[in-house]
Structures are given as C-alpha cells and as structure tokens.
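Coordinate analysis (summary)
As a plain string of letters, each chain reads:
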Amino acid sequence: MVISVGIDVSKDKHDCFILNSEGEVLAEVFTIPNTMDGFNCLLQKIQDSTTPQDKIKVGLEATGHYSYNLLGFLLDNGLTTYVLNPLRTNLYRKSLSLRKTKTDRVDARTIASMLLSDAGLKPYTDTAYHNEELKSLTRYRFDKVKERAKLKSSIARLVCILFPELEKLVPSLHIASVYALLEEFPGAKQVANTHLTRLKALLETASNGHYKRDMALEIRNAAKNSIGSQMPAKSLELQHTIRLIRELDREIDEIEEQIQSIMARLFGTEIPNEKRIEASLPYIYGIGRSTSKRILEQAGINPDIRTGQLTDEQLTKIVQVITTDGILIEGDLRREKQSILKRLTSINCYRGQRHRRGLPVRGQRTRTNARTRKGKKKTVGAQAKKK
C-alpha cells in the first residue's frame with residue numbers, strides 16, 4: 001500500500017497530513033515546530049501509521065531555504081521525498097474545488113492527494129540535494145571572482161597614477177612579486193629611495209628566484225625617472241587593495257576545496273583525473289559507457305577532455321543532467337535496490353524466497369552451477385550410517 005505524507009512548509013512550523021492509497025486518513029492535519037523535536041515527532045507519526053511493506057511518499061512544496069533543513073532530515077532517514085512546484089500544487093487544488101480556500105492545513109491535504117494521483121512525479125534524491133549545494137557554491141565563487149576582478153582593475157588604475165613605468169617592466173601587474181613590491185613600496189618615490197640590496201632580496205624571494213639584481217636595478221632606475229605622483233592616500237588605497245585581493249584568493253581556494261568535497265560526496269567514489277571524462281564517469285556506480293556518452297552529449301562537453309581539466313561550470317552541468325534525467329547513482333541506487341529486495345522478501349513471494357536463501361532468482365540451474373550466489377563450494381565428508 002502507498003502511504004502519502006503531505007507537508008506544508010513555513011518558517012516556524014509545518015502542517016502535516018497522512019493518507020493511504022485507499023483514501024483512508026491515517027493522521028489528521030497536525031502541526032510540528034521547525035525544530036529537531038518536531039522533525040522526530042513527524043518521523044514517529046509516519047512510523048506509527050505504516051508497516052514495513054508500505055511504500056511511503058513524502059511531499060512538500062519548494063519554498064526556498066525554509067524547506068532545506070526538513071528536506072535534509074527526510075533524506076537522511078531514507079524517506080522517498082518529492083519537492084513540488086507551488087504553481088503545480090495550486091492548479092491541482094483549484095481542480096479539486098471551485099471554492100477559493102487556501103490555508104496551510106488545506107495545502108497539506110492537497111499535497112498528500114497530489115502524490116497519490118500523479119505518477120509522473122520524480123523523487124528528490126541525495127544527488128539533487130547536493131546539487132543545490134553545488135549550485136550555491138559555484139554562484140558564490142562567481143561573485144568572489146567578479147569582486148576580485150574589480151579590485152584588479154583598481155590596482156591597474158592606482159599603478160598608472162603612482163608608478164606608470166612599472167607595467168612595461170613586468171609581464172603582468174597581477175603576479176606575486178609585483179604585489180609584494182607594491183605592498184611594501186606603494187609608489188615610485190618609495191621604490192627610488194629603497195636600498196638596492198633590500199629591493200633585490202624582496203623580488204627574489206617573492207618570485208622564487210626568477211627576478212635577481214638586474215631586475216631590481218631596472219625597476220629602481222625606472223622609479224627614479226618616473227612621472228608618477230606622490231599621493232599618500234592613493235598609496236594607502238593600493239596597499240589595502242592588494243591585501244583584499246590576497247584575502248579573496250584564500251576565500252576562492254576554500255570555496256574550490258569545498259566544491260571538490262561535494263563532488264566526492266556526490267559521486268561517492270574517486271574519479272581518475274588523468275583519464276578522458278567519458279571513461280572516468282563509468283567509475284561511478286550506476287553509470288555505464290552509454291549513459292556516460294549521453295550525459296556528456298546533453299551537457300555539451302567534449303568526451304575527450306581529461307577529468308582534471310573540467311571547470312566548475314562543466315562539473316555543475318554534468319551533475320545537473322544526472323539530476324534532471326533522474327539517473328540514480330551510488331548511495332541512491334544502492335538504497336533503491338535494497339528497498340526492492342526488502343519488499344520482495346517481506347511479501348514472501350517466490351523471488352523474495354530465493355533472495356532470502358541466496359539462490360538465483362530467474363530460473364537458472366542450481367544443481368551444479370550458481371556458485372556466484374551460493375558462494376564457494378563446501379565439501380561435506382561422508383558420515384557413517386547409524387546402526
């Protein structure tokens with residue numbers, strides 16, 4: 001039997017309703033607080049209203065960040081959860097009644113009924129949950145990179161005022177050695193007054209030995225003949241901007257580490273970075289060669305690119321295709337298979353009995369073969385007949 005649980009989500013409390021596929025109300029609308037005690041109360045109510053043989057469906061509307069905590073709790077407890085579009089729920093409610101009734105309690109009933117009537121709904125998986133995290137992080141990273149780009153433009157503007165000749169002496173203003181130089185000597189006047197030994201040591205250390213005495217001498221000579229203005233306010237702004245860029249670099253590195261961590265959790269396996277992405281994806285449980293090819297075609301990614309060369313945007317596209325197509329992978333697929341085996345065993349059908357005894361299910365010969373299911377052959381010694 002299918003048990004449907006409708007939940008209307010709000011900021012401080014959630015209204016819940018439990019119904020079975022025969023139309024019997026198992027729990028009238030009840031309200032739980034948005035706390036761990038409330039979540040446990042909901043779980044207990046669901047367990048009290050169901051049996052191990054029942055198929056449980058839990059539905060809630062997509063209400064942004066209000067539903068994240070409850071959604072995570074339901075997935076962690078192995079409940080099949082559906083996230084519904086509020087517009088779709090609203091249309092379904094209007095189709096049931098011409099009266100303009102919309103309350104939290106009515107919405108909970110509507111969601112429960114909708115789960116039983118609509119077979120085309122796709123469950124929300126762990127993959128989709130982590131995909132939301134991934135999308136959030138990649139957007140956040142994009143904002144940080146955009147912010148850093150603006151600061152780099154400010155660096156170019158300030159150098160043009162304070163020491164315009166420097167840009168022609170180095171390949172780029174945005175390298176470690178130039179930042180180290182400008183942070184300590186933020187202007188042509190300060191560079192010109194610096195002892196050559198100090199300048200050489202600073203550049204050599206910051207560039208890992210790339211720039212030596214000749215470069216230090218060239219920069220100092222350029223500073224002595226520079227047309228740059230001496231403006232303490234702009235020099236201070238330049239120093240602060242360099243510090244802000246370094247801080248943003250650290251934050252972006254942290255975000256990228258977190259993205260890699262989520263990817264590892266999402267796929268649940270280590271994907272080889274040196275192989276082609278088409279060959280790497282089948283390392284994920286639930287994805288074969290043909291599925292890998294289809295995912296990459298839909299994501300618009302060259303199958304010959306190496307896995308380690310994928311950008312964050314390309315990784316997000318791959319995860320999005322997996323989520324949108326409803327492809328079950330890793331933990332989701334293993335749980336789905338386990339639940340099917342559990343159901344077959346609990347209803348005691350022929351296939352369930354065979355699974356319980358560790359024997360092949362589809363009519364294979366078992367007198368001499370079936371070693372994969374039965375395990376290694378155990379030799380039983382001859383026993384003497386009882387007299």
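Definitions and limits used
Residues numbered from 1 in each chain as written. Predicted model: local features only at pLDDT ≥ 70, side-chain atom pairs only at ≥ 80, totals over all residues. Heavy atoms only, no water. Helix = DSSP H or I, 4+ residues; strand = E, 2+ residues; numbered from the N terminus. Rg over C-alpha atoms; globule rule 2.2 N^0.38 Å. Buried < 20%, exposed > 50% of the residue type's maximum accessible area, 1.4 Å probe, protein only. Contact = heavy atoms within 4.5 Å. Areas by Shrake-Rupley, 256 points an atom, 1.4 Å probe, with all protein chains shown as cover. Lys, Arg positive; Asp, Glu negative; His and termini not counted. Charge placed at Lys NZ, Arg CZ, Asp CG, Glu CD. Disulfide = S-S within 2.5 Å. Pairing = 2+ DSSP bridges. Phe/Tyr/Trp six-rings, centres within 6.5 Å; stacked < 30°, edge-to-face > 60°. Lys NZ or Arg CZ within 6 Å of the ring centre and 35° of its normal. pLDDT = per-residue confidence, 0-100. Patch = residues over 30% accessible without salt bridge, like charges linked within 9 Å, V, L, I, M, F, W, Y side chains within 5 Å. Salt bridge = Lys/Arg side-chain N within 4 Å of Asp/Glu carboxyl O. Axes fitted to C-alpha atoms, helices over the stretch in contact; angles between N-to-C directions. Polar contact = N/O pair within 3.5 Å; in protein donor to acceptor, adjacent residues only side chain to side chain. Parallel < 35°, antiparallel > 145°, perpendicular 65-115°, else oblique. Left-handed = near helix turned anticlockwise from the far one by under 90°. Nonpolar A, V, L, I, M, F, W, Y, C, P; charged D, E, K, R; others polar. Core = buried A, V, L, I, M, F, W, Y, C linked by side-chain atoms within 4.5 Å. Expected span 1.5 Å × (residues − 1).

Summing up its helical and strand segments, the chain has 17 helices and five strands in all. Its C-alpha radius of gyration of 32 Å places the chain more than 25% over the 21 Å reference for a compact globule of 387 residues. Principal-axis analysis of the C-alpha atoms gives the chain an extent of 110 × 75 × 40 Å. Within the chain, the proportion of its 387 residues that are buried is 40%. Relative to all contacts within the chain whose residues are 6 or more apart in sequence, the contacts with residues 24 or more apart total 62%. For the chain, the exposed surface amounts to about 22,800 Å²; the carbon and sulfur share of it is 50%. Looking at charge distribution, the chain has the averaged site of its 64 positive side-chain charges lying 11 Å from that of its 45 negative ones.

This model, assessed by the stated rule, comprises zero disulfides. Of all cysteine sulfurs, the one in C16 lies closest to C41, which takes part in no disulfide; the gap is 8.2 Å.

All right, on to the pairing of strand β3 (residues 25–33) then. Along any regular strand, the residues point their side chains to alternate faces of the sheet. Bridge analysis of strand β2 (residues 13–20) against β3 gives six bridges, and the strand direction is antiparallel. Within β3, the residue paired with L19 across the bridge is V25. The loop that links β2 with its antiparallel partner β3 comprises four residues; one of these, G23, has a positive phi angle of about 85°.

What follows is about the environment of L196. Mapped onto the elements of the fold, L196 is located in helix α9 (residues 196–206). Looking at L196, the relative accessible area reads 10%, which means it is buried. With 17 residues separating them in the primary sequence, L196 and R213 have C-alpha atoms 7.9 Å apart.

This part covers the packing of aromatic side chains. Counted according to the given criterion, the structure contains one aromatic pair. With centroids separated by 5.3 Å and ring planes inclined at 45°, the aromatic side chains of F39 and F73 adopt a geometry described as tilted. A residue pair is termed long-range when its members are at least 10 positions apart, and F39 in helix α1 (residues 36–49) and F73 in helix α2 (residues 68–76) qualify at 34 residues. For F39, a relative accessible area of 6% corresponds to the buried category. Looking at F73, the relative accessible area reads 12%, which means it is buried. Just above the ring of F30 sits the side chain of K45; from NZ or CZ to the centre is 5.0 Å. Its guanidinium or amino end placed over the ring of Y285, R334 lies 4.0 Å from that ring's centre, counting from NZ or CZ.

Overall, the prediction assigns the chain a mean pLDDT of 83, with 91% of residues at 70 or greater. When the elements of the chain are averaged for pLDDT, helix α3 (residues 86–96) gives the smallest value, 73, and helix α7 (residues 176–184) the largest, 92.

On the surface, a cluster of positive charge is made up of K55, R343, R351 and R362. On the secondary structure map, R362 appears in the loop between α16 (350–357) and α17 (371–374).

This part takes up the sheet that holds β3. Strands sit in the order β3-β2-β1-β4-β5 across an open sheet of five strands; the sheet is mixed. Both outer strands of the open sheet, β3 and β5 (80–84), are each paired with one neighbouring strand and no more. Averaged over all neighbouring strand pairs, the angle between strand axes comes to 20°, with direction disregarded. By the bridge criterion, five bridges tie strand β4 (residues 55–61) to β5 in an arrangement that is parallel. By the bridge assignment, G59 is partnered in β5 with Y82. Strand contacts of α1: β1 (2–9), β2, β3 and β4, with the helix running at about 170° to β3, the strand carrying the most contacts.

Turning next to the side chain of R354. Here R354 is to be found in helix α16. Among buried charged residues, R354 stands out as having no salt bridge; its nearest opposite-charge side chain is E336, 22 Å away. Within the structure, R354 has its side chain in polar contact with the backbone oxygen of P360 (distance 2.9 Å). With near-sequence residues (within four places) excluded, R354 lies in contact with L359, P360, V361 and T366.

The N-to-C vectors of α9 and helix α10 (residues 213–224) enclose an angle of 120°; their axes lie 9 Å apart at closest approach. Between α9 and α10, the crossing angle belongs to the class labelled oblique. At the point where α9 passes α10, the crossing takes the right-handed sense. Residues L196, L199, K200 and L203 of α9 lie in contact with α10, whose contacting residues are R213, M215, A216, L217, I219 and R220. Among the residues making up the contact of α9 with α10, the classes are represented as seven nonpolar, no polar and three charged.

Attention shifts here to the nonpolar core. Grouped together as the largest cluster of nonpolar side chains are 32 residues, with contacts concentrated most on F163, L166, L181, V191 and I219. Those elements that place two or more of their residues in this core are α5 (126–162), α7, α8 (188–192), α9, α10 and α11 (232–267). Not counting the four nearest positions on each side in its chain, L181 is found in contact with L166, V191, L199, L202, L203 and I219. Counting residues in hydrophobic clusters, the runner-up holds 20 residues, among them I3, F39, I46 and F73.

The end-to-end C-alpha separation of helix α15 (residues 330–346) is 24 Å, in line with the 24 Å expected for 17 residues at 1.5 Å each. Once α15 finishes, N348 follows within two positions and takes phi at roughly 60°, a positive value.

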